Every structure is written in C-alpha cells, then in structure tokens.
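Descriptive analysis of the structure
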Amino acid sequence: MSASRAEAEEKVGSRQRLQVNEYKENQNIAYVSLRPLQTTVLGKTPMVCLVPFSLSTYKPDQLKCPKSLLDKNSNNEVACKKCKKAEIKKTSRKILTPKMEATSSKAESTLQKSSLDVHAESNKWQYKSTSDTVILSADTESSQDGDSDEGTTPGMPVKTTILLSVYVDLIVDDFSGLSPYEKKRLKNISENANFFASLQLSESAARLREMIKKRQPPESKRKKPKKKENETGCRRSMRLLKVDPSGVSLPATPTQPILVADENPLLPPGPLEMTSENRDDNSELFKGFLQTWAEVSKVSLGRTRSKNTEKASSSIKSYKANLNGMIISEDTVYKVTKGPIFSMALHPSEVRTLVAAGARSGQVGLWDLTHQPKEDGVYIFQPHSQPVSCLYFSPANPAHLLSLSYDGTLRCGDFSRAVFEEVYRDERSSFSSFDFLAEDASTLIVGHWDGSMSLVDRRTPGTSCEKLINSSLSKIRTVHVHPVHRQYFITAGLRDIHIYDARCLNPSRSKPLISLTEHTKSIASAYFSPLTGNRVVTTCADCKLRIFDSSCISSKIPLLTTIRHNTITGRWLTRFQAVWDPKQEDCIIVGSMAHPRRVDIFHERGKWVHSFLGGECLASVCSINATHPTRYILAGGNSSGRIHVFMN
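Residues numbered from 1 in each chain as written. Predicted model: local features only at pLDDT ≥ 70, side-chain atom pairs only at ≥ 80, totals over all residues. Heavy atoms only, no water.

A few words on the sheet that holds strand 11 (residues 409–414). Pairing within the open sheet is antiparallel, and its 5 strands lie in the order 3-12-11-10-9. Strands at the two margins of the open sheet, each flanked by one partner only, are strand 3 (272–273) and strand 9 (388–393). Pairing between strand 11 and strand 12 (residues 419–425): 6 bridges, direction antiparallel. The partner of Cys412 across the bridge, within strand 12, is Glu421. (Pairing = 2+ DSSP bridges. Helix = DSSP H or I, 4+ residues; strand = E, 2+ residues; numbered from the N terminus.)

Scanning the entire structure with this criterion turns up 18 aromatic pairs. Note on Phe381 and Phe415: the rings are 6.3 Å apart at their centroids and 65° apart in plane angle, and the pair reads as edge-to-face. Remark: Phe415 occurs in the loop between strand 11 and strand 12 and Phe381 occurs in strand 8 (residues 378–381); sequence separation between them is 34 residues. Overall, the relative accessible area of 0% leaves Phe381 in the buried class. Relative accessible area serves as the criterion here: at 1%, Phe415 is assigned to the buried category. (Phe/Tyr/Trp six-rings, centres within 6.5 Å; stacked < 30°, edge-to-face > 60°. Buried < 20%, exposed > 50% of the residue type's maximum accessible area, 1.4 Å probe, protein only.)

Right, let's get into the side chain of Thr337. By the secondary structure assignment, Thr337 is in the loop between strand 4 (333–335) and strand 5 (341–346). Taking the relative accessible area as the measure of exposure, Thr337 reaches 3% and is therefore buried. For Thr337, the contacting residues outside a window of four places in its chain are Ala357, Ala359, Gln363, Gly365, Ser640 and Gly641. (Contact = heavy atoms within 4.5 Å.)

According to the stated counting rule, one finds 14 salt bridges in the structure shown. Linking Arg425 and Glu422 is a salt bridge whose minimum nitrogen-to-oxygen distance equals 3.0 Å. Since its relative accessible area comes to 26%, Glu422 is described here as partly exposed. Among the charged side chains, a salt-bridge network with shared partners connects Arg411, Glu422, Arg425 and Glu427. (Salt bridge = Lys/Arg side-chain N within 4 Å of Asp/Glu carboxyl O.)

This next bit is on the sheet that holds strand 30 (residues 633–637). In spatial order, the strands read 4-31-30-29; together these 4 strands make up an open sheet with antiparallel pairing. Strands with a single pairing partner mark the edges of an open sheet, and in this sheet they are strand 4 and strand 29 (624–627). In this sheet, adjacent strand axes meet at a mean angle of 20° when their direction is disregarded. Alignment of strand 29 against strand 30, held across 4 bridges, turns out to be antiparallel. Considered in strand 30, the bridge of Thr627 is made with Leu634. (Axes fitted to C-alpha atoms, helices over the stretch in contact; angles between N-to-C directions.)

Now for the nonpolar core. Counting 29 residues, the largest nonpolar core has Leu323, Ile588, Ile601 and Phe612 as the members making the most contacts within it. Looking at this core, the elements with two or more residues in it are helix 10 (316–324), strand 23 (544–549), strand 25 (579–581), strand 26 (584–591), strand 27 (598–603) and strand 28 (608–613). Ranked by residue count, the leading element in this core is strand 26, at 4 residues. If we ignore the near neighbours within four places in the chain, the residues touching Ile601 are Tyr319, Leu323, Cys587, Ile588, Ile589, Trp608, Val609, His610 and Phe612. Core analysis: the next-biggest nonpolar cluster, separate from the first, contains 21 residues, Met274, Leu290, Trp293 and Val296 among them. (Core = buried A, V, L, I, M, F, W, Y, C linked by side-chain atoms within 4.5 Å.)

The omega torsion of the bond from Gln372 to Pro373 falls at 0°, within 30 degrees of zero and hence cis. Its location among the elements puts Pro373 in the loop between strand 7 (364–368) and strand 8. His595 connects to Pro596 through a cis peptide bond whose omega is -10°. Positive phi outside glycine occurs at Cys543, with the angle close to 65°. Mapped onto the secondary structure, Cys543 falls in the loop between strand 22 (535–540) and strand 23. Since its relative accessible area comes to 18%, Cys543 is described here as buried.

Right, let's talk about the pairing of strand 21 (residues 523–528) for a bit. Of all the 6 residues making up strand 21, 6 are buried; the element is thus mostly covered by neighbouring parts of the structure. Examined bridge by bridge, strand 21 and strand 22 share 5 bridges and lie antiparallel to one another. The residue of strand 22 that forms the bridge with Ala526 is Thr538. Turn length for the strand 21-strand 22 hairpin, with the two strands adjacent in sequence and antiparallel, is 6 residues, and the turn residue Gly533 shows positive phi of about 70°.

By the element assignment, Ser611 lies in strand 28. On the basis of relative accessible area, Ser611 is assigned to the buried category, the value being 15%. Within polar-contact distance, the side chain of Ser611 engages the side chain of Asp600 at 2.7 Å. Filtering out sequence-adjacent residues up to four positions away, Ser611 remains in contact with Arg598, Val599 and Asp600. (Polar contact = N/O pair within 3.5 Å; in protein donor to acceptor, adjacent residues only side chain to side chain.)

Here the focus is a nonpolar patch on the surface. Taken together, the side chains of Phe195, Leu199 and Leu201 define a hydrophobic patch exposed on the protein surface, amounting to about 280 Å² of accessible area. Relative to the elements of secondary structure, Leu201 occurs in helix 7 (residues 201–215). Given the relative accessible area of 48%, Leu201 is considered partly exposed. (Patch = residues over 30% accessible without salt bridge, like charges linked within 9 Å, V, L, I, M, F, W, Y side chains within 5 Å. Areas by Shrake-Rupley, 256 points an atom, 1.4 Å probe, with all protein chains shown as cover.)

If you want it as structure tokens, here you go:
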C-alpha cells in the first residue's frame, strides 16, 4: 500500500510540474525567472517555475503572486533563507545524479510556491533576443565565509552558477514530454544566462558608481574678498549728504506739501480783458495795433464779394501765372504761437496783411505783416486754456475774431473795445468746430467732439440762447455751412460725412439728408466750395482727397474725383485739412509730406496745378493753410507755431 501510494504521489507531482510549465505557442513569452532556492533537502527532484509575460503590456504589479500562495509560502520562505553552505553543496551533488526519485507532495508544493516569488528579489540579469526578452533573476548572495570554487563563471556566486546550469539541464533531460522547441528554448536560456554572467555587468556598474562619486568636486561657496581698511570709498555728492564744503552738516529743511496745479485750468466765465502776453498794454505799439483794427472794420464786404465772383470766372491759365509770382522770404516767416498751430484765418482787408493763428496751448496769435520790423507786428493773447481748433473773422464786422476751443468756450475778440466776449460756454462738453448759419453772424452751428451739435443765437440780449441737438454721428470734427443755401451744413465724423437741414433738426436724434460712406479710414475735414457750394472736398487718412458733386442736394451725391495724396502726418504733426481757394473755386490747397517741403494745389479733376516751394525758408510741413479771399496771399502754419506767408 505504501509503494502504490508513493507512485501515485509521484504521478501527481509530475502532473503539477507539467502544469506549471504549460504555455501557449501563440503567446509571446517575454519574461522567465529562474531562481535557485536555498532549502533543506526534502526530496530528490528539484523544480523550476517559468513565469511568462510580455514587455509591451508589462506592469510593475503584474508578476505578484496570489495572496493565497503568499500566505502559504511565508513560513517556507523563511526556512529557505536560513540554509547553510554545506546543505547547498550536498543538494547539488544529489541533483547531479541521473536517478530521479519521487518526493513527497509537500516538498514539491514548497518548491513550487517558493519559485513564484522569484521576481521580488532585487538582483537580476537581463538579455534581449530577436523574438523575446528574457530576464533571469537569481539570488546573488555570496557565502558568508567568502569561499569560492574554481571553474565557475566570473562575477557570479558559486551556488548560483552551479544550480542554474544544473536546473536547466535537469529540466531538459527530465521532461521528456516537452516538444523539441521547448527543449531548445530552455537550452538557449541557460546559454544566455551564462553569457550575461560572464559580462560582469553588476561589478562594472559598481565601479562606475564609485568613479562618479570620486569625480564630483566638493561644493564650496565663493568667498568674498575682505575690504581693506585703507581703501577709499565711492565719491558722493556733498549736496546729497547735506554737508557744506567745510564738512559741517546742514540743518534739515522742513518738508512742505507740494501742491499740484491743474495743467489746463478753465478761465473764468464772462468777458476777458484783451491783454498781450508779449507786449506792454500801455505801450504805444499796442495802442497803434488796436487803432489799426478799428480802421479795418470800415472795409466794405460787398465790394469784396463782387471781386471774388469776378476772380472765380478767370481762367486756370491766368490763375497759374499769378501763383508763380507768389514768393516767400525771411521777412514773411515768424514764430507766432507757442506749440502746434491748429487753426488759421486771413483778414479780408485789401490794405493790410493780418494773419490769425490758434495754437494747441490755447493762445491766439495775430501778426501784422505790414508792420516792420516783423517782431513788432506780433501780438499773442490767451483767451482759452485748451487747443483752439477753429478761427473765423466775422462776416458782419471784420474787427471781430471768433475763436472756438476744446475747453468748451466760444469767444469773440472785439479789438475795438480790447475785450474777448464769451459767446457760448459748456463746461460739460468739448467743442471741435463752428460756422455761421446767417450771413450777419447772428446764429451759429457748433459741433461737439461727442457727436452732438448746438444752435447758438447771438441776438438774445445778455447770454446767447443755445439749443442742444443729438446727431447720428459718434464724433464731429468739422462743421461747414453751404455758402448759398445756408440751411444746409455738412459735418465730418469718424468715417462718415452727413449733410443736415437746419430746419429739420430734432433735439432727441436728427437724421441726415445725405450720408457719404465712401471713406475707409478716419476723416479730418469736409468743406463746401466757398462761392457756389457745388463741390465738397474731404480729407481722409487713407491718403485720398475726394471731391463730390453737391450741385444738386438730393438723396445721393456722386463722387467725381479721387486724388492720391499722402495724408499720414503721425502723432507729432497737425493733421492735413484740404481747403478751397476762394479766388479759384475749382482748386484746392493742401499741405504735403514730400521733400523738399511744399504746399500743393490740385484741380477738382485731379490734376496738379502748382506747388509752393520755399527752399531754406520752408523747411517744415505746413499742415494748416489759409488764403486771402481776393489777394494772392497764402499762409501756412506748422506744428511748432511758425507761420510761412507766400505773397506777390
């Protein structure tokens, strides 16, 4: 009974061993671990468990043993680690015997369970073949007494080398039921393991780690050099140290709060006394200047208008001949205002040449070119606190100069009484432009930067009566009234130009009669032709001057001509504004960015007519230009306050 029971157990053990080494041919085996177990001799048949896995789907926790196996094997694993060297040698001699006797089922299960934990050890050999990658893991503990046998593989412990080769050969010879492929594969594993062991990779890695540690220089902080006691220090200002030249410290000055004043304080409401900033009010020159303006007011404007009509009918040929006779000299160039010029106007006098200029600083400069020397003919006033964007001499009384400013004030300079009267004031808004609705200058239209408009009636005693009107534009740059049909006026916005009828204005929101939407960029100005109003010229930032036919104000005004002209002045120069010449209604005048500096005149059909060149006398860009209504006089102002006058 005992013999039959032993045979049965041996069959069960061989069946279990075959089940452990079972595999599928279509599955890639990428990991096999062979670990010799240091255990006491419980039987005659050693056993090696092969664990397959694939590197492509490998995970660190993939090869962990089941919890049930780990629990059962905990006690046996401790016993395996306490084996002795003598028992290992004895076991190896017994393994070399060809006779394979049956062992108890308990011993086989112990070997089988212990081999499953082989992947948890730290020391491993690796190799790579064409089809599979095999990692051999073995316990590389050396014997405690340091003994080694000759003839073993260098770099591998004696017990590991002997047991590894014996185990593989034993498996190949013992399992006769394996296929030839399996036997050949196990033989390759054994040869590869011996090859990697001969490379001594672990010893080389240890030597490299020691070399790296030795080569690392010790970290040392840079020591700062000590300052010498006799070394001279940096030189410092005695004023900043608050020490006088003798070395005595100065007393501390009490700090006082700095009061920051407003850069552009609004001037008080009401009339302002006309005081010159560059002349004494009691001087003989200033009194003579005021007397000159009183005489100018006696000029007959009806005769001037009749002359304008005659000049407008002259040919373009004679007009060019008169333009060629206009010259500039050092006597006709002078700096009149402080800062850039934003607006200009020429007095219609036939006797004297009087030029008015409005500056960004709020100044209004007057220059009498008839007076010599030229310095004595310049008078500067300060009626505003912000840029003066629009200037006009009154058509009813040429001794009145009306000026409009960004500060929300519209004033009239009466030189006969030496006072600047306040015509209209709105501190909540900023004004951009204005024009006269009536020929007697009794009513005005004022444009605001926020897109609204104001109708001002000067006939009301005391203060002027105004009416605020909201337009369809978000911003208004210029306002100009039709010279014949004065109920129409044109406004230039950001990119649109609208024509309104003053009789149909709505305080809540006024709709324009006509809208010109041909412009693609910011618009600088829009003006009717001065005598008939049959043309409209616009200046746009797209480097084009456009001329429209306004002879019949209907739902649409056709575009006649587009003139290519550089209008990009930048942020430091005043923007160009093309204006009509009252002496020749079909010609426009505009500044130029070309070199040498010049002022150009174009015909309404787009043809170039004339350019004013001044050589050394004209060395800057004249952005704002004004012409005399009857005489051949042209005045151009630049962005530094200088006025250039061409005259024959």
